[in-house]
Amino acid sequence: MSEDQKRQLESQLWGIANLLRGKISADDYRDYILGFIFYKYLSEKQHLYANQLLEGEEETEYTKVKDEETLKAIREESIIKLGYYLQPAELFSALVARGQDKSNEDNYILEDLQAILNHIEQSTMGEESEEEFTGLFEDLDLSSTKIGRTVGARNDVIVEILNFLNGIDFKLGEVESDVLGDVYEYMIARFAAGAGKKAGEFYTPQQVSKILAKIVTTDKSKLKSAYDPTCGSGSLLLRVAKEAEVSEFYGQELNRTTYNLARMNMILHDVHYRRFDIQQEDTLEHPQHLDKRFEAVVANPPFSAHWKGNKNPLNDSDERFSQYGRLAPNTKADYAFLTHMLHHLSDNGIMASVFPHGVLFRGAAEGVIREYIIKEKNWLDAVIGLPANIFYGTSIPTCILVLKKCRKADDNIVFIDASGNEHFKKEGNQNALREEDVELIVETYRKREGLDKYSYIAKLEEVAENDYNLNIPRYVDTFEEEEPVDIKAVAENLKTIDDKLQETNQTIAQYCKELGIETPF
């Protein structure tokens, strides 16, 4: 599929979303459209795979197979290969045909659709894929009055969406495996752009994801595992896979809807269900992968979120937090997430995560933790300041911290200030990094280069002299000297202006005299 065809597919799918504007709120139609795209994907995948199995048989078209033994064999093979099973009558195209059948007065498809979505999940029960498919469609409430006050109205809306989707060919048999996944990502990004503060819950801007992914794959073409403790829609993990071959993906997400989105996103990017393990729970309270270590750790955790901290006595002895001398404050969980990620980072791994600027200089408990990480462990590898207003829903300045456990004892720390006006572009109300901005950040980090007014390589002693305060202006001088003022030229200019003012006043006074009125000055 060419880039033009890909853009056309994006445009077609986003066009469906536009059809529903005004009928359903954006948050709601996001869940329906993304859910139905996923159902169509599963359906086409099933159809293609079943037809492959039927090659050489008397009947080679899955939708025409009636023999129970053949269907049973296809079911068994599909469960092993795909993780789920759809009968011929449950395929997307078959359901749409029933909805379009005007000769049948009872052409309501809501019950059939609900039964199919339930059956997809039920087909995995007791199978290896059960956990990855459980509850995937639970946000598609077909009885919700949000999509129509009556059954008929709801049916009309659903039929309209499915009809439009049915007219779009995903070309699963022809395109690269993750093209549809990329289009799905595009849809998530578009919804995120219009979702205000809620967007931060499920999406990290693509260019920021790219920086994190490139950094954690530095000098590596293969990764044993990648982990995101606040994985949102899973886009960060999938971005890592674009930079290196990743064997296994691990993630945790608190929000149920977003957790479902992440699993769909994985499957749509053709990541086999055996290769990912996404869990839904509070990462700090109930970590789901505590005994595992990962070669790449990426994250965009919620900025300065509240957590139980010292209100939970178990945190004092929790190996993720206890060695740093203090717990992160209850009102700012940034360092709790950071040390959680360090706990999961393997000795040969790289961790890159986004944080608010406050983690660089805030004192008290956070200062103690920061000093321990730098002074006692020497794990901090780089500090990268990003432009403000590049995240959806917040304009606060942010940074990326890069940490490694395999640094040499005398390593320095790279500071990069990419926040200057020349290092981003305006896109509506947001700022956005361009491709060249991303490359400059990544290359500067990898080459550990000091560039005038952009980056600085600080010795550990220098960081210690700054009392482990990492505020970027202490290291990267971006001060621009102003042009010297020519006092003589300014004085002459002022005298010229004053002379002209005198002449004008005299002219006005002369006119006033001729008119017999008083001058206004």
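Residues numbered from 1 in each chain as written. Predicted model: local features only at pLDDT ≥ 70, side-chain atom pairs only at ≥ 80, totals over all residues. Heavy atoms only, no water.

The name given to the protein chain in an unreviewed UniProt entry is site-specific DNA-methyltransferase (adenine-specific), and the organism recorded there is Reichenbachiella ulvae. Quoted verbatim from the Sequence similarities (unreviewed entry) heading of the UniProt record, the comment on the protein chain is "Belongs to the N(4)/N(6)-methyltransferase family." (UniProt positions renumbered as here; feature names shortened; annotations may be inferred.)

1. Regarding the pattern of salt bridges
What the rule picks out here adds up to 20 salt bridges. A salt bridge links Lys214 to Glu243; the shortest N-O distance between them is 3.3 Å. On the criterion of sequence distance, the pair formed by Lys214 in helix α9 (residues 206-216) and Glu243 in helix α10 (residues 235-243) is long-range, its members being 29 residues apart. Classification of Glu243 by relative accessible area gives partly exposed; the value is 26%. A salt bridge links Glu366 to Arg362; its shortest N-O distance comes to 2.8 Å. (Salt bridge = Lys/Arg side-chain N within 4 Å of Asp/Glu carboxyl O. Helix = DSSP H or I, 4+ residues; strand = E, 2+ residues; numbered from the N terminus. Buried < 20%, exposed > 50% of the residue type's maximum accessible area, 1.4 Å probe, protein only.)

2. Quick word on the UniProt feature "coiled-coil region" (unreviewed entry) in the protein chain
When the UniProt feature table is mapped onto this chain, "coiled-coil region" (unreviewed entry) is found at residues 487-514. Helix makes up 100% of residues 487-514 and strand 0%, with an end-to-end C-alpha separation of 41 Å.

3. Digging into the packing of aromatic side chains
Following the criterion strictly, the structure yields 10 aromatic pairs and no others. On the basis of an interplanar angle of 45° and a centroid distance of 5.6 Å, the ring pair of Tyr84 and Phe133 is categorised as tilted. Separated by 49 residues along the polypeptide, Tyr84 in the loop between α3 (68-81) and α4 (92-100) and Phe133 in helix α6 (residues 130-133) bring together distant segments of the chain. Each member of the pair, Tyr84 as well as Phe133, is classed as buried. Note on Phe415 and Tyr475: the rings are 4.0 Å apart at their centroids and 15° apart in plane angle, and the pair reads as stacked. Of this pair, Phe415 sits in strand β8 (residues 413-417) while Tyr475 sits in the loop between α16 (460-465) and α17 (487-515), and the two are 60 residues apart along the sequence. For the pair Phe415 and Tyr475, one class covers both residues: buried. Members of the aromatic cluster, each reached through a chain of ring pairs, are Tyr227, Tyr250 and Phe294. The ring of Trp379 carries the charged tip of Lys405 above its face, separated from the ring centre by 5.2 Å. (Phe/Tyr/Trp six-rings, centres within 6.5 Å; stacked < 30°, edge-to-face > 60°. Lys NZ or Arg CZ within 6 Å of the ring centre and 35° of its normal.)

4. Description of the sheet that holds strand β11 (residues 455-458)
Strands in a sheet are paired, the pairing made by backbone hydrogen bonds, and the direction either parallel or antiparallel. Read from one edge to the other, the open sheet built from nine strands follows the order β3-β2-β1-β4-β5-β7-β6-β8-β11, with strand pairing classed as mixed. Single-partner strands in this sheet number two, and they are β3 (276-280) and β11. Neighbouring strand axes in the sheet, compared pairwise and without regard to direction, differ in orientation by 15° on average. The pairing of strand β1 (residues 222-228) with strand β2 (residues 245-253) spans six bridges and is parallel. Of the residues in β2, the one forming a bridge with Lys222 is Glu245. Contacts from helix α11 (residues 256-268) reach β2 and β3, with the element oriented near 170° to β3. (Pairing = 2+ DSSP bridges. Axes fitted to C-alpha atoms, helices over the stretch in contact; angles between N-to-C directions. Contact = heavy atoms within 4.5 Å.)

5. Some thoughts on a negative patch on the surface
Judged by side-chain charge, Asp67, Glu68, Glu69, Glu76 and Glu77 come together as a negatively charged surface patch. Within the secondary structure layout, Glu69 lies in helix α3. We classify Glu69 as exposed; its relative accessible area is 58%. (Patch = residues over 30% accessible without salt bridge, like charges linked within 9 Å, V, L, I, M, F, W, Y side chains within 5 Å. Areas by Shrake-Rupley, 256 points an atom, 1.4 Å probe, with all protein chains shown as cover. Lys, Arg positive; Asp, Glu negative; His and termini not counted. Charge placed at Lys NZ, Arg CZ, Asp CG, Glu CD.)

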